[in-house]
Amino acid sequence: MDQASDVRTLALGGTSGTVPLARDFTRTALYEWGWLPAVGADHRAAAEDVLLVVSELVTNACLHADGPESLRVLRLAKVLRLEVTDRGAGQPAPRTPHRAGRPGGHGMFIVQRLCRDWGIDRTPGAPGKTVWAEISAPGD
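Below, the structure is looked at part by part.

The rules we used
Residues numbered from 1 in each chain as written. Predicted model: local features only at pLDDT ≥ 70, side-chain atom pairs only at ≥ 80, totals over all residues. Heavy atoms only, no water. Helix = DSSP H or I, 4+ residues; strand = E, 2+ residues; numbered from the N terminus. Buried < 20%, exposed > 50% of the residue type's maximum accessible area, 1.4 Å probe, protein only. Contact = heavy atoms within 4.5 Å. Core = buried A, V, L, I, M, F, W, Y, C linked by side-chain atoms within 4.5 Å. Expected span 1.5 Å × (residues − 1). Arc of directions from axis to C-beta.

Observations regarding the side chain of Thr-26
Link 1 in the chain: Considering the arrangement of structural elements, one finds Thr-26 in helix 1 (residues 18–32).
Link 2 in the chain: Judged by relative accessible area, Thr-26 falls into the buried class, the value being 0%.
Link 3 in the chain: In contact with Thr-26, other than residues within four places in its own chain, are Val-50, Leu-51, Val-54, Leu-71 and Val-73.

Okay, here's the thing in structure tokens:
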């Protein structure tokens, strides 16, 4: 399998309609990689989780980090990795304690619940960060 075919990158800096654009871009990758159309309930749930996590990561970058710069979607052996790079200095974290009835602030709680792992990478001396999340492939 060609490594380049397993990575999709979308520049988002300065674009409008960022969240729907990111979802459409990711949906296209899911079709190209065979996650869609879903062949069963677990495959459908995995694809829906991926699209929801993309929405949450991009929305957080829009609301808290001066907007996203890019989205990378990587297909790895047993996971799909989503990376949203922004120029913000903040530190995303699930709201603690989580209060389901309270509006807003649920993005990173959702990411934490749906993903096998997530985190933040920073480049020393450079502005911004990359927030990443990994979702298990269906059946894994």
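Things to note about the nonpolar core
Buried together is how nonpolar side chains tend to be arranged in soluble globular proteins.
Link 1 in the chain: Grouped together as the largest cluster of nonpolar side chains are 30 residues, with contacts concentrated most on Leu-57 and Leu-82.
Link 2 in the chain: When residues of this core are traced back to their parent elements, those giving at least two are helix 1, helix 2 (41–64), strand 2 (68–75), strand 3 (79–86), helix 3 (107–114) and strand 5 (129–136).
Link 3 in the chain: Excluding anything up to four places from it in sequence, Leu-57 contacts Leu-82, Val-84, Met-108, Val-111, Val-131 and Ala-133.

Overview of unusual backbone geometry
Link 1 in the chain: Of note, the bond from Leu-36 into Pro-37 is cis; its omega dihedral lies within 30 degrees of zero at -5°.
Link 2 in the chain: Within the secondary structure, Pro-37 is located in the loop between helix 1 and helix 2.
Link 3 in the chain: Positive phi, close to 60°, is recorded for Asp-66, a residue that is not glycine.

Examining helix 1
Link 1 in the chain: Look at helix 1: 21 Å from first C-alpha to last across 15 residues, which is about the 21 Å you get at 1.5 Å a residue.
Link 2 in the chain: Those residues of helix 1 that fall on the buried side of the exposure criterion are Thr-18, Ala-22, Thr-26, Ala-29 and Leu-30. Along the axis of helix 1, the buried positions cluster into a sector of 105°, meaning they face one direction only.
Link 3 in the chain: On its buried side, helix 1 packs onto strand 1 (7–11), helix 2, strand 2 and strand 3.
Link 4 in the chain: Just downstream of helix 1, Gly-34 is the residue with a positive phi angle, here 85°.

Remember, this is a structural readout, not a statement about activity or role.
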